[in-house]
Amino acid sequence: MTRDEIKNLILDIIADIDEDAEFDGLDPDKPLRDQLDLDSMDFLDIVMELRKRHQLQIPEEDYPELATLNSCVNYLEPKLKDK
Amino acid sequence: MADYQLVIIGAGLSGLASGIRAARFGLKTLILEQHSLPGGLNSYYFRKGFLLETGLHAMTNYAEAGDKRAPLNRLFRQLKLSRKKFATHQQFSSLIRFPHTSLQFSNDITLLQAEIDEHFPHCRDSFQDLLTNVADYDPFAPSSWRSTRQFLNNLIPDPLLIDMLLLPLMVYGNSEEHDMDLGQFVIMFRSIFLEGFFRPDDTMKEFLAMLVEHYKGFGGELRYKAKVESVERKDEEVKGVRIAGGDYVSCDTLLSTVGAPGTAKLVDWPKEPANYEGRMSFVESISVLPSAQRRVLNADHTIIFYNSQQELSYARPQRALSPDWGVICFPENFHDLPKQDFFQVRVTNAANYDIWKQTNSEEYQQLKVDAEAQTFAVVSEIIGNYQKNRVYQDSFTPLTIERFTSKAQGAVYGSPVKIKDGLTPYSNLFVAGTDQGFLGIVGAMLSGVTIVNQQVLR
């Protein structure tokens, strides 16, 4: 997957778990949690969706890597490069 | 490989929510329900052409769609249900009625504030302090038991106001006698006074059917009339469950929603079950009346929490039933519900399980008649004669509750000792639902979600 595809994947997952998600003006370097008003239960859903869709196992200590849209892409790029 | 990755005992609200959560992420999941209908405590039945709900007076935790942090909306996101498509009806208003003072409240906290300003002007500032404390307190952080009564006594200078505030919060969710844990108080205060009462568009029947369909849509399986008779284990690990009739189902993980005492019995858990048996049970009477009868009754509120005594004694009564305090609910009194030909009056009073348990069947029927008369004597003083012209009457006792919900001693709010992390002595057996700690429909469902998140998905 390209960086853009990964970015779209993350946004698609968030739109899927939160029917109220608004992406207008989303800053890719600022925490998703604050901008989209997500909580730890929602973050677990992002992790679970990645597991379901791409068989990715993300250990709990790596959850902070998913803080911003860009950090998600940086973290997932090597894991999804052959998918 | 086991037959199922997750087996859940009980298709009540916590069991269904757990199942949806697990099936959503691809776990092969089976729910086993001993009855032929889902819902557990919050189910329904048909008599004389009426659909009667068993547990529901109102749902708590009202929140507008879009308020992302509200428990109701978090629950819907977790279950992948659309909150926007879930139509709700808010309460009219409710009343806390004591001998010389009454307080109204609604889903807008300013009404309760105004009522306190008027009836307890000397408590105005302390009620503001209470609101601040409730907003700042984190009831989900691990902590040991703290006395709510002591906390309130230090804050509010009038014991009458303390009892009045405690009545709805205790009667809708306190498994302890006399006092309650401060964390539980904060949860109940928010869910009733700050968020408030509402109903779904239809009845529990449609709500449960929606949950079951959603669960099956994710591939979840559900078997009715499947009573779990025993849990098979090897040392500290559960292997599977044996169902009445002889079927055996193996599983990687077992989640029980039948309460701590019920679970202990199934798995031969050498704990003292008495510690986990709640003492608070209730008798509920349902009266169905023609709509025309409504005009002669004092039936403008949605729920009336009454106490006919000066002080609140939240405890198992000495008698079979105590009409001293209770709840009067008008389930039709929610905004914008379609007009019906009939309306219901539901009255809930505290009851003594042991006395009901000791009766033979003849005595039991007589006790039901006596209980109904005692309730009527007190409640008709408050709302008028609600037995005149009634077309249907029924009542549930602690024994009915125990039989249909697996709650030991008919204790609707379960054990006074909660197992907040859902852990048992067995590595792959967890408990969710009432004895895990969250109560009410929204609470029970959040309990199922939380335990699956913490113990099953990780």
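Residues numbered from 1 in each chain as written. Chains lettered and ligands numbered in written order. Predicted model: local features only at pLDDT ≥ 70, side-chain atom pairs only at ≥ 80, totals over all residues.

A.B. asks: Explain the overall build of chain B to me, and be specific about the residues and the numbers.
C.D. replies: In terms of regular secondary structure, chain B is built from 13 helices and 18 strands. Relative to the globule expectation of 23 Å for 458 residues, the C-alpha radius of gyration of chain B, 22 Å, shows essentially globular dimensions. Oriented by its inertia axes, the alpha-carbon framework of chain B measures out at about 65 × 50 × 45 Å. Counting across all 458 residues of chain B, residues that qualify as buried make up 51%. (Helix = DSSP H or I, 4+ residues; strand = E, 2+ residues; numbered from the N terminus. Rg over C-alpha atoms; globule rule 2.2 N^0.38 Å. Buried ≥ 20, exposed ≤ 12 C-beta atoms within 10 Å, placed from the backbone.)

A.B. asks: Lay out the nonpolar core with the relevant residues and their values.
C.D. replies: One finds Leu6(B), Val7(B), Leu167(B), Leu169(B) and Met445(B) to be the most contacted residues of the largest nonpolar core, which totals 131 residues. With near-sequence residues (within four places) excluded, Leu167(B) lies in contact with Ile96(B), Phe305(B), Asn307(B), Leu312(B) and Trp325(B). Within the second largest apolar cluster, 17 residues are counted, among which are Ile6(A), Ile10(A), Ile13(A) and Leu66(A). (Core = buried A, V, L, I, M, F, W, Y, C linked by C-beta atoms within 7 Å. Contact = placed C-beta atoms within 7 Å.)

A.B. asks: Pulling in residues and values, what's your account of the sheet that holds strand β7 (residues 102-105) of chain B?
C.D. replies: Residues and elements named next belong to chain B. Taken in spatial order, the seven strands make up an open sheet running β7-β6-β14-β15-β16-β13-β17, and their pairing is mixed. This sheet does not close on itself; its edge strands, each paired only once, are β7 and β17 (392-396). Neighbour-to-neighbour, the strand axes of the sheet open up by a mean angle of 20°, direction not taken into account. Running over the sheet, helix α6 (residues 159-171) touches β6 (94-97), β7, β14 (303-307) and β15 (321-329) and is turned about 115° from β14. (Pairing = 2+ DSSP bridges. Axes fitted to C-alpha atoms, helices over the stretch in contact; angles between N-to-C directions.)

A.B. asks: How would you explain the packing of helix α1 (residues 3-17) of chain A against helix α3 (residues 40-54) of chain A if you had to name every residue and give the values?
C.D. replies: Residues and elements named next belong to chain A. Remark: α1 packs on α3, axes separated minimally by 10 Å, with the N-to-C direction vectors making an angle of 125°. It follows from the interaxial angle that α1 and α3 lie oblique. Note that α1 runs across α3; the crossing there is right-handed. Contact residues: α1 offers Ile13, Ile14, Asp16 and Ile17, while α3 offers Asp42, Asp45, Ile46 and Glu49. Looking at the contact of α1 with α3, its residues break down into four nonpolar, no polar and four charged. (Parallel < 35°, antiparallel > 145°, perpendicular 65-115°, else oblique. Left-handed = near helix turned anticlockwise from the far one by under 90°. Nonpolar A, V, L, I, M, F, W, Y, C, P; charged D, E, K, R; others polar.)

A.B. asks: Tell me what's going on with the pairing of β7(B), and back it up with residues and numbers.
C.D. replies: Burial along β7(B) is one-sided: the face carrying Leu103(B) and Phe105(B) is buried and the face carrying Ser102(B) and Gln104(B) is not. Here β6(B) folds back onto β7(B) in antiparallel fashion, the turn holding four residues.

A.B. asks: So what about the interface of chain A and chain B? Which residues, and what values?
C.D. replies: The interface of chain A with chain B comprises twelve residues on the first partner and 13 residues on the second. Here the element with the most residues in the side of chain A that touches chain B is α3(A); it accounts for five residues. Per-class residue counts for the side of chain A that touches chain B are four nonpolar, no polar and eight charged.

A.B. asks: Could you give an account of α6(B), naming the residues involved and the relevant values?
C.D. replies: Residues and elements named next belong to chain B. Relative to the 18 Å expected for 13 residues at 1.5 Å per residue, α6 spans 18 Å between its end C-alpha atoms, a close match to the ideal helical length. For α6, every residue scored as buried is listed here: Leu161, Ile162, Asp163, Met164, Leu165, Leu166, Leu167, Pro168, Leu169, Met170 and Val171. Tucked into the core, α6 has its buried residues touching β6, β7, α5 (148-155), α7 (182-195), β14 and β15. (Expected span 1.5 Å × (residues − 1).)

A.B. asks: Which residues make up unusual backbone geometry, and what are the values?
C.D. replies: Residues and elements named next belong to chain A. Even without being a glycine, aspartate 37 presents a positive backbone phi close to 60°. Looking at the element boundaries, aspartate 37 is found in the loop between α2 (32-36) and α3. Taking the C-beta count within 10 Å as the criterion, aspartate 37 has 15 such neighbours and is therefore assigned partly exposed.

A.B. asks: Pulling in residues and values, what's your account of the pairing of strand β11 (residues 237-243) of chain B?
C.D. replies: Residue and element names in this part refer to chain B. The pairing of strand β10 (residues 228-234) with β11 spans six bridges and is classified as antiparallel. When the bridges of β11 are listed, serine 230 appears paired with arginine 242. The pairing of β11 with strand β12 (residues 248-256) spans three bridges and is antiparallel. Considered in β12, the bridge of arginine 242 is made with tyrosine 248. Taking the residues that link successive antiparallel strands as the turn, the β11-β12 hairpin has four residues, and the phi of glycine 245 there is positive, at about 105°.

Keep in mind these values describe shape, not function.
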